[in-house]
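Listed here are the chains, written in short residue letters.
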Amino acid sequence: MPTAIQAILALINAAIPNVANLIVAIKDANGNVSIGTLLSSADVNFEQTITQTQAWLAAHPAPTPKA
Amino acid sequence: MFSRPRLLFAYAIVAALVFQAGCSDSALTALSKGMVDVSAANQAVTATVITAQMNGTMTADEARPVLQVTLQVAQAGIQIDATIKGLSALTPAQKTSILPTIKTLAAGVTNTVATLNISNVAVRTAVLASLTTIQTALATITVALGS
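Residues numbered from 1 in each chain as written. Chains lettered and ligands numbered in written order. Predicted model: local features only at pLDDT ≥ 70, side-chain atom pairs only at ≥ 80, totals over all residues.

K.L.:
Run through the overall build of chain A, naming residues and quoting values.
P.N.:
Tallying secondary structure elements over chain A gives 3 helices and 2 strands in all. Going from the N terminus to the C terminus, chain A shows its helices and strands as α-α-β-β-α. Scored against the burial criterion, the 67 residues of chain A give a buried share of 12%. (Helix = DSSP H or I, 4+ residues; strand = E, 2+ residues; numbered from the N terminus. Buried ≥ 20, exposed ≤ 12 C-beta atoms within 10 Å, placed from the backbone.)

What follows is the structure, encoded as structure tokens:
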């Protein structure tokens, strides 16, 4: 199945470059492959960054300057 | 099976769709690809800094400014993605509204690079590499949006 999807993506890439730029095959942790958009993969990264940084910043607040 | 006029009509529809798709907006494409590059490098620098701080190779005071800028980039990135999802082209008004956000992010990253205070050389090198990738992607987006 992943090979078939990759073959389809390759065909789309060859035929319609500007559209294919926005299409990617996304493989999840279980090995499942689906077709999504670049922005969906970007959102996953951004959400992960927000979760990690907010947790870290909450656990390590900036020291308050002494009066 | 199909009459000749119907076949010709079907070919015309397919050709029109392919032509339309092939003409998708280059600024939107550059912005979408750029946001992917930004998100990947931003997540990489976040993971590097948090891991280094947890390992003791970086202090919290060294890590904080970097993580503050990666949080800023990620929050703006989510908003930009939400704005452009489903679009087939960017209007001049949309370019004008997105550009200041990109420029603000670029300024924030540039300031972080300029004031970077990381004593561990390996961590500093890794952080600088990811921040430079973000700067490059933001610069490419800025040009694509018409600076």
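Let's pick the thread back up.
K.L.:
Lay out the interface of chain A and chain B in plain terms, naming residues and giving numbers.
P.N.:
Taken together, the 22 residues of chain A in the interface contact 26 residues of chain B. Of all elements in the fold, only helix 2 (17-20) and helix 3 (38-59) of chain A reach the threshold of two or more residues within the side of chain A that touches chain B. (Contact = placed C-beta atoms within 7 Å.)

K.L.:
So what about the packing of helix 2 (residues 26-55) of chain B against helix 3 (residues 60-84) of chain B? Which residues, and what values?
P.N.:
The description of two packed helices rests on the angle between their axes and on the distance between the axes. Residues and elements named next belong to chain B. Relative orientation of the contacting elements helix 2 and helix 3 amounts to 155 degrees, with a least axis distance of 9 Å. As the angle between them shows, helix 2 and helix 3 are arranged roughly antiparallel. In the packing of helix 2 onto helix 3, the handedness of the crossing is left-handed. Touching Leu28, Leu31, Ser32, Met35, Val38, Ser39, Asn42, Val45, Thr46, Val49 and Gln53 of helix 2 are Ala60, Ala63, Val66, Leu67, Thr70, Val73, Ala74, Gly77, Ile80, Asp81 and Ile84, all from helix 3. Residues belonging to the contact of helix 2 with helix 3 are distributed by class as follows: 14 nonpolar, 7 polar and 1 charged. (Axes fitted to C-alpha atoms, helices over the stretch in contact; angles between N-to-C directions. Parallel < 35°, antiparallel > 145°, perpendicular 65-115°, else oblique. Left-handed = near helix turned anticlockwise from the far one by under 90°. Nonpolar A, V, L, I, M, F, W, Y, C, P; charged D, E, K, R; others polar.)

K.L.:
I'd like a description of the environment of Ile134 of chain B, backed by residues and values.
P.N.:
All names here are of chain B. With respect to the element layout, Ile134 can be found in helix 5 (residues 121-144). Separated by 38 residues in the primary sequence, Ile134 and Thr96 have C-alpha atoms spaced 21 Å apart. Ignoring anything within four residues of it in the chain, the contact list for Ile134 reads Val38, Ala41, Asn42, Val73 and Val109.

K.L.:
Can you tell me about the environment of Gln53 of chain B, naming the residues and giving the values?
P.N.:
Assignment of secondary structure puts Gln53 of chain B in helix 2. When the C-alpha atoms of Gln53 of chain B and Lys103 of chain B are compared, they prove to be 29 Å apart, with 50 residues separating the residues in sequence.

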